[in-house]
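Residue-level listing of the chains:
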Amino acid sequence: MTDAATALAKRRAAQAGKVRQFVTPEGVDLELRIASASLRFGALIVDLTLIALVLILFSFGAAYAGFASGSDIVLSIWMLGAFVLRTFWFLGFELGARAATPGKRLMGIRVVARDGGRLTADAVVARNLIRELELFLPMMMIGNGAAEDNVAGWTILAGVIWSLTLSLFLLFNRDRMRMGDLIAGTWVVMAQRAKLDSEIATSEAEGGAMRFSDAELSVYGIYELQELERVLRTRDARAMREVADAIRSKIGRPVAEEDDVFLLSYYRQLKERLERGLLFGKRREDKYASD
Amino acid sequence: MPAQRSVDAPGFSTRRFREEREADWVAFDALLAKLEKKGATALTSDELLQLPILYRATLSSLSIARATSLDKALLDHLEALSMRGYFLVYGVRESRAARLRRFILYDWPAAVRAVWKETIVIALVILLGAITSWSLVASNPEWYYNFVPDEMAGGRDPRASVEYLRSTLGHGPDAESERSGLHVFATFLFTHNSGVSIMSFALGFAFGVPTLMLEYYQGIWLGAMLAVFTSKGLGVDFGGWLFIHGTTELFAAALSGAAGLRIGTAVLFPGACGRLQAAAHAGRTAGKVMVGVIAMLLVAGLLEGFGRQLITDTAMRYGIGTLMIAFWFGYYYIPRREDAA
């Protein structure tokens, strides 16, 4: 039991470690969560793929125009276009209202100024010009090594490792800042949208079909309540059966009702009990906390 | 049942709280969606007035919900909505056009002026590189092959004939045939030079050392070339060939190096603020300089690709080069009224 308690505490501490205080001028802490490295990487892959796609389409268009006009001005337009696309894709999108490239939007993350101020254009420029270095230096190192046969393999390896420590800088700090974030004074944080779901078990018929005693309700805390909410919202019959059985065995009730009737009633009454506790200044985080 | 009574007894219930406030959240959400999609100009004046009111109402709802509600879906929605609202309400203060105007009129020259010390250092480093290689190549031409790789030299080395060297400057018979591909050449130069400048800026955070090396190398290359052409009596012509775009390009190179150096020194000597904060502060100044550098390189690329190939008169080339450097100096360093503020 204590093992489970420490494991839960550890998991919660890890999640709390990702939360950064961010107080608005109105005095409300928005509690920003730092985006994980995997989300960042995913966003980068999506963006690079999109850039490549646009470039390929652009090339087809340019090739067609080139054949049609027979002029090499198309070539220089293509070169300029490729440069502009590569450099300004990230810049343009991050300067927009949502401060996120399409890849970042897909992953539900965005760029934020670390000091809580507004994200300025120069910060966005700085963080994205450094990206050039982070992305292309390792490639250049490998390319150079391949081009020059007289360079020893170890030298290439050392170069690649050195440049990779720059590129993977974000893995080595708590705030998941890459080199560019560090220089520009920015963070990348979670900005997922959450739909406004209707409250569950509002009606008396749904939430009051069964009555639970205070002793039966006092076995769980907020963490368990919100896990129960998640199960109820996904409405997966098997998960609901498992959860219902776990609760029944814990409070010593026989299997007498439908799972959803049982769970909805228990959810509503547990929620009311815990929310009442909140009003009296008592926040019971999980079942291990004292009641 | 007494237990049942006490459940319903409190005058405050999260359900009623939600019923009262939900309309505000929905309205705020719709307003934000419109703002994100179409910008502030799409909002009517009524909607604009509503925006801060709804924003504050949502933030207050978030505070109350955090203290009283345990509905995770509701809390998540309010948090996401408040965050979106915060960044939109406090984020956009002026239109893109106004931002661009301010950048060109004030921010860009101000940022360049702010790195004047670094610019002088980098300029001296380039000059040092040029003097080093020039004196070495002038005393012993064999040095040239150590400085300039064959593929970059393109036959412009100490063994080349005067006629050949002259032709590379655009006075010979070869110049005519190359004219058709000018814009390709200009574009190539621009993208290549921008890449080099971005590197020399981005490498700055390693305490500026790689930046100094890159800039020194640029100087070396310049000095070696200069020595070869001078030894064949083409020094003045080569100067013109270089001067027409070189003033802009070398200035841009010096500025990109200065931007990198600024970050490097901020990391090394953060002064009164923390290292991270100093780096962020320097990074923003350097970022502005870099936008300017890319614009300058575009101009240099045009001058190099078109101007240099089309204008072959050496005096004219010197004239344009001088005009450009005078323009840049005036633009950057003449004090402006807004500076005082």
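Residues numbered from 1 in each chain as written. Chains lettered and ligands numbered in written order. Predicted model: local features only at pLDDT ≥ 70, side-chain atom pairs only at ≥ 80, totals over all residues.

(A) The arrangement of the overall build of chain B in detail. When helices and strands are counted, chain B shows 15 helices and zero strands. When the 341 residues of chain B are sorted by exposure, 41% land in the buried category. Partitioning the intrachain contacts of chain B with sequence separation of at least 6 by distance along the chain shows that 80% fall at a separation of at least 24. (Helix = DSSP H or I, 4+ residues; strand = E, 2+ residues; numbered from the N terminus. Buried ≥ 20, exposed ≤ 12 C-beta atoms within 10 Å, placed from the backbone. Contact = placed C-beta atoms within 7 Å.)

(B) Representation of the overall build of chain A within the structure. Assigned secondary structure in chain A consists of twelve helices and four strands. Within chain A, the proportion of its 291 residues that are buried is 29%. A separation threshold of at least 6 residues defines the contact pool for chain A, and within that pool the share at least 24 residues apart is 67%.

(C) View of the domain arrangement of chain B. By the assigned domains, chain B splits into domain 1 (13-93) and domain 2 (98-336). For domain 1 of chain B versus domain 2 of chain B, the distance between C-alpha centres works out to 51 Å. (Domains from an automatic or database assignment.)

(D) Spatial organisation of the interface of chain A and chain B. Taken residue by residue, the interface counts 54 residues in chain A and 59 residues in chain B. For the side of chain A that touches chain B, the secondary-structure elements that each account for two or more residues are α3 (73-94), α5 (121-147), α7 (179-184), α10 (222-234) and α12 (259-279) of chain A. Take the side of chain A that touches chain B: its biggest share by element is nine residues, from α5 of chain A. Among the residues making up the side of chain A that touches chain B, the classes are represented as 29 nonpolar, seven polar and 18 charged. (Nonpolar A, V, L, I, M, F, W, Y, C, P; charged D, E, K, R; others polar.)

(E) View of the confidence of the model for chain A. Per-chain confidence: chain A averages 82 in pLDDT, with 90% of residues scoring 70 or above. Between the elements of chain A, mean pLDDT differs from a low of 64, seen in helix α8 (residues 204-207) of chain A, to a high of 92, seen in helix α4 (residues 102-107) of chain A. (pLDDT = per-residue confidence, 0-100.)

(F) Molecular detail of the packing of helix α13 (residues 235-268) of chain B against helix α14 (residues 275-310) of chain B. Residues and elements named next belong to chain B. At a minimum axis distance of 8 Å, the contact between α13 and α14 shows a crossing angle of 170°. Taken together, the axes of α13 and α14 lie roughly antiparallel to each other. For the contact of α13 with α14, a count of residues per class yields 21 nonpolar, eight polar and five charged. (Axes fitted to C-alpha atoms, helices over the stretch in contact; angles between N-to-C directions. Parallel < 35°, antiparallel > 145°, perpendicular 65-115°, else oblique.)

(G) Broad picture of the domain arrangement of chain A. In terms of domain boundaries, chain A breaks down into domain 1 (19-129 + 168-190) and domain 2 (204-279). The C-alpha-based centres of domain 1 of chain A and domain 2 of chain A are spaced at 44 Å.

(H) How the structure looks around the confidence of the model for chain B. Residues and elements named next belong to chain B. Considering every residue of chain B, the mean pLDDT works out to 80; 85% of them sit at 70 or more. Summarising per-element confidence for chain B, the mean pLDDT is lowest in helix α10 (residues 174-178) (44) and highest in helix α3 (residues 45-68) (92). Note on residues 1-6: pLDDT under 50 across the span, and one contact to partners over four residues away in sequence or across chains. Counting contacts from residues 172-180, a segment whose pLDDT is below 50, to residues more than four positions away or on other chains yields eleven contacts. Across the predicted assembly, pTM comes out at 0.77 and ipTM at 0.83.

(I) Expanded view of the packing of helix α6 (residues 116-139) of chain B against helix α12 (residues 209-231) of chain B. All names here are of chain B. At a closest axis distance of 6 Å, the pairing of α6 and α12 adopts a crossing angle of 40°. In terms of orientation, α6 and α12 fall into the oblique class. Our pair here, α6 against α12, has a crossing hand that is right-handed. Of the residues belonging to the contact of α6 with α12, the class tally is 19 nonpolar, seven polar and one charged. (Left-handed = near helix turned anticlockwise from the far one by under 90°.)

(J) Here's a closer look at the environment of T187 of chain B. Residue and element names in this part refer to chain B. In this fold, T187 is placed in helix α11 (residues 182-202). On the basis of neighbour count, T187 is assigned to the buried category, with 24 C-beta atoms found within 10 Å. With 57 residues separating them in the primary sequence, T187 and A130 have C-alpha atoms 26 Å apart.

(K) Highlighting helix α2 (residues 14-38) of chain B. Across its 25 residues, α2 of chain B extends 35 Å between first and last C-alpha, which sits within 8% of the 36 Å expected from 1.5 Å per residue. Along α2 of chain B, the sharpest change in direction is near 45° and occurs at R21 of chain B. When we look at burial in α2 of chain B, the residues that qualify are T14, W25, F28, D29, L32 and L35 of chain B. Here the buried face of α2 of chain B lies against α12 of chain A together with α3 and α4 (72-91) of chain B. G39 of chain B sits one or two residues past α2 of chain B and shows a positive phi near 85°. (Expected span 1.5 Å × (residues − 1). Bend = angle between axes of the 7 residues up to and from the residue.)

(L) Highlighting the nonpolar core. Grouped together as the largest cluster of nonpolar side chains are 111 residues, with contacts concentrated most on I183 and V189 of chain A together with A224, L255, V289 and M290 of chain B. When residues in this core are grouped by element, the largest group, 17 residues, is from α13 of chain B. Grouped together as the second largest cluster of nonpolar side chains are 16 residues, L225, V243, L264 and Y267 of chain A included. (Core = buried A, V, L, I, M, F, W, Y, C linked by C-beta atoms within 7 Å.)

(M) Inspection of unusual backbone geometry at higher detail. Residue and element names in this part refer to chain A. One non-glycine residue, A99, lies in the positive phi region at around 50°. Assignment of secondary structure puts A99 in the loop between α3 and α4. Phi at R235 is positive, roughly 55°, even though this residue is not glycine. Positionally, R235 belongs in the loop between α10 and α11 (237-251). Its 10 C-beta neighbours within 10 Å are what place R235 among the exposed residues.

(N) Quick peek at α12 of chain B. For α12 of chain B, spanning 23 residues, the distance from its first C-alpha to its last is 33 Å, which sits close to the expected 33 Å at 1.5 Å a residue. The positive-phi residue at the C-terminal boundary of α12 of chain B is G233 of chain B, with phi of around 75°.

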